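Breakdown of the fold
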Amino acid sequence: MANELTLKYGCNPNQKPSRIFRKDGGDLPVQVLNGRPGYINFLDAFNSWQLVKELKEATGLPAAASFKHVSPAGAAVATELSDTLKKIYFVDDLDLSPLASAYAMARGADRMSSYGDWIALSDPCDVQTATLIAREVSDGIIAPGYSDEALEILKSKRKGSYNVVAIDPDYRPEPIECKDVFGITFEQGRNEVKIDNQMLENVVTENKNIPENAKRDLLIALITLKYTQSNSVCYAKGGQVIGVGAGQQSRIHCTRLAGNKADTWYLRQHPKVLGLKFKEGIRRPDRDNTIDVYISEEYMDVLAEGTWQNLFAEKPEPLTREEKRAWLDTLQNVALGSDAFFPFGDNIERAHKTGVKYIAQPGGSIRDDHVIDTCNKYGIAMAFTGVRLFHH
């Protein structure tokens with residue numbers, strides 16, 4: 001492997017020169033097998049690889065992540081997909097391996113945000129996963145390896161320019177990390193905190209029951225937050241992220257943003273949405289955008305006369321506010337993680353509206369008692385992890 005890679009430019013075209021290298025002079029742990037990844041691509045690649053590696057270590061299951069702008073749009077471990085999820089993820093026509101299922105769920109969390117994503121896989125990419133990736137709009141992928149057939153499929157993507165990166169799974173970075181900002185070098189110890197079930201033992205609410213599948217989902221949420229730009233909150237269910245609120249200055253804004261994304265994920269499963277009859281030839285990205293508008297308050301943007309005919313074979317009935325609320329009231333047993341403590345109970349009130357039953361957060365607010373009381377009002381089980389997970 002090379003000890004440095006010259007990049008086209010940095011975050012923006014005016015930021016030249018640009019390269020990645022190791023200050024100790026050692027070889028890079030990555031090899032570019034196809035394409036020419038850029039500066040932001042590698043930021044996404046290294047963050048997303050750490051996420052899926054830790055998910056695999058924590059759960060024992062193959063993991064995948066869908067990254068955009070140095071935060072995950074989605075992440076998941078391999079669990080069995082229901083027929084409904086297969087349909088809303090547009091994979092009901094595919095033979096899915098466990099790894100392909102994990103990526104279908106990672107991308108399915110927020111398909112609008114995942115458009116043009118960077119993909120990370122915990123395991124070598126197989127044919128089924130490559131086949132799924134080949135038909136989605138994506139910038140590149142990092143994985144510990146590729147089968148010969150999978151690599152050929154990926155190399156043919158984007159007229160042969162698709163970015164394919166292999167990483168040495170045994171690579172371990174130095175315990176001290178540095179970065180330069182405004183000509184000043186910052187140094188800190190790497191965040192090597194291990195996220196496992198022991199972190200969920202301090203349950204401070206009246207409801208102490210956190211079943212094993214909920215513990216798995218809490219671990220997924222917390223590990224996802226470890227690699228999400230802070231402040232951040234993450235909702236998870238069924239082995240996958242269903243909503244991430246990243247990079248907000250206010251904790252309640254994180255909770256609302258992530259909750260709104262989780263609501264959208266669930267509303268996509270509404271019978272009216274599943275029954276939408278699109279015109280032949282409508283591309284998946286256009287269907288994604290149309291569905292998101294259809295379930296929003298701006299639904300007339302796709303149902304107006306002269307517009308719906310370009311999208312649907314039959315004009316759909318609107319999904320009313322009352323129908324949406326009734327459907328969302330059936331969403332249950334959602335897990336939620338927060339990268340820092342909740343300062344007020346309003347976060348719990350918002351989380352409850354999206355079916356949250358289990359919460360993991362650091363604790364340590366002077367209003368912890370109010371947050372706990374709000375959880376008790378709704379029968380929510382909440383663990384104090386004692387660990388903040390800021391990532392900048």
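Everything below is about the structure shown above.
Let me sum up the structure you'll find in this document. Remember, it's a predicted structure, so these values are computed and weren't measured experimentally.

Turning next to the overall build of the protein. Within the protein, the regular secondary structure consists of 14 helices and 15 strands. Relative to the compact-globule value of 21 Å for 392 residues, the protein shows a C-alpha radius of gyration of 21 Å, a close match. Principal-axis analysis of the C-alpha atoms gives the protein an extent of 60 × 55 × 40 Å. Within the protein, the fraction of its 392 residues that count as buried is 51%. Taking as baseline every contact in the protein between residues at least 6 positions apart, the subset at least 24 positions apart corresponds to 58%. In the form shown here, the protein has an accessible surface area of approximately 17900 Å², with 49% of it arising from carbon and sulfur atoms.

This brings us to the packing of aromatic side chains. Counted under the stated rule, the structure contains four aromatic pairs. Consider the rings of Phe42 and Phe46, whose centres lie 5.7 Å apart with planes at 25°: the pair is stacked. A residue pair is termed a helical-turn pair when its members lie 3 or 4 positions apart in one helix, as Phe42 and Phe46 do in helix α1 (residues 39–59) at four residues. Put simply, the rings of Trp265, Tyr266 and Trp327 pair up and form one aromatic cluster. One residue, Lys157, lies across the ring of Tyr162, its end atom 5.4 Å from the ring centre. In this structure, Arg287 packs its charged tip against the face of Phe90, placed 4.5 Å from the ring centre.

With that settled, consider the packing of helix α3 (residues 98–108) against helix α5 (residues 127–134). One can describe the packing of α3 onto α5 by two numbers: an axis separation of 7 Å at closest approach and a directional angle of 30°. Our classification of the angle between α3 and α5 gives roughly parallel. Crossing angle aside, the handedness with which α3 passes α5 is right-handed. Residues Leu99, Ala100, Tyr103 and Ala104 of α3 touch α5, and the partners they reach there are Gln128, Thr129, Leu132 and Ile133.

To continue, consider the nonpolar core. Within the largest apolar cluster, 69 residues are counted, with the highest numbers of intra-cluster contacts made by Tyr89, Leu121, Ile141, Tyr146, Leu154, Tyr235 and Ile359. Top element by residues in this core is α3. It accounts for seven residues. Excluding its chain neighbours within four sequence positions, the residues that come into contact with Leu154 are Cys125, Ala130, Ile133, Ile141, Tyr146, Tyr162 and Val164.

With that out of the way, let us pick up the pairing of strand β13 (residues 334–338). The buried count for β13 comes to five of five residues, which makes it a mostly enclosed element. What you see with β13 is no split at all: Val334, Leu336 and Ser338 on one side and Ala335 and Gly337 on the other are buried throughout. Sheet analysis places β13 next to strand β14 (residues 356–361), joined by four bridges and oriented parallel. If you follow Leu336 over to β14, its bridge partner there is Ile359. You can see the chain leave β13, run along helix α13 (residues 346–352) and come back into β14, and the turn it takes is right-handed.

Here we take up a nonpolar patch on the surface. A surface patch of nonpolar side chains, about 470 Å² in accessible area, is lined by Val181, Phe182, Ile184 and Phe186. Relative to the helices and strands, Ile184 is located in strand β10 (residues 184–189).

It is worth spelling out the pattern of salt bridges at this point. One side chain can pair with another of opposite charge once the charged atoms of both are near each other. The tally for this structure, following the rule as stated, stands at 27 salt bridges. Notably, a salt bridge pairs Asp110 with Lys261, separated by 3.2 Å at the nearest N-O pair. A residue pair is termed long-range when its members are at least 10 positions apart, and Asp110 in the loop between α3 and α4 (111–114) and Lys261 in helix α8 (residues 251–267) qualify at 151 residues. Residue classification places Asp110 among the buried residues on the basis of a relative accessible area of 11%. The partner of Glu177 in a salt bridge is Arg190, and the shortest N-O contact between them spans 3.7 Å. Placement of Glu177 in strand β9 (residues 176–181) and of Arg190 in the loop between β10 and α7 (212–226) is noted, with a sequence separation of 13 residues between them.

At the junction of Lys16 and Pro17, the peptide bond is cis and its omega measures out at -5° in the coordinates. Looking at the element boundaries, Pro17 is found in the loop between β1 (4–6) and β2 (19–21). In this structure, the amide linkage connecting Ser230 to the following residue, Asn231, adopts the cis form with an omega of -10°. With respect to the helices, strands and loops of the structure, Asn231 is situated in the loop between α7 and β11 (232–237). Of note in the backbone geometry, His69 takes a positive phi value of approximately 55° without being a glycine. Residue placement: His69 occurs in the loop between β4 (63–68) and β5 (71–77). The backbone phi angle of Lys159 is positive, close to 55°, even though this residue is not glycine. Structurally, Lys159 can be placed in the loop between α6 (148–155) and β8 (163–167). Residue classification places Lys159 among the exposed positions, given a relative accessible area of 88%.

Conventions we followed
- Residues numbered from 1 in each chain as written.
- Predicted model: local features only at pLDDT ≥ 70, side-chain atom pairs only at ≥ 80, totals over all residues.
- Heavy atoms only, no water.
- Helix = DSSP H or I, 4+ residues; strand = E, 2+ residues; numbered from the N terminus.
- Rg over C-alpha atoms; globule rule 2.2 N^0.38 Å.
- Buried < 20%, exposed > 50% of the residue type's maximum accessible area, 1.4 Å probe, protein only.
- Contact = heavy atoms within 4.5 Å.
- Areas by Shrake-Rupley, 256 points an atom, 1.4 Å probe, with all protein chains shown as cover.
- Phe/Tyr/Trp six-rings, centres within 6.5 Å; stacked < 30°, edge-to-face > 60°.
- Lys NZ or Arg CZ within 6 Å of the ring centre and 35° of its normal.
- Axes fitted to C-alpha atoms, helices over the stretch in contact; angles between N-to-C directions.
- Parallel < 35°, antiparallel > 145°, perpendicular 65-115°, else oblique.
- Left-handed = near helix turned anticlockwise from the far one by under 90°.
- Core = buried A, V, L, I, M, F, W, Y, C linked by side-chain atoms within 4.5 Å.
- Pairing = 2+ DSSP bridges.
- Right-handed = clockwise from strand over helix to strand, strands pointing away.
- Patch = residues over 30% accessible without salt bridge, like charges linked within 9 Å, V, L, I, M, F, W, Y side chains within 5 Å.
- Salt bridge = Lys/Arg side-chain N within 4 Å of Asp/Glu carboxyl O.

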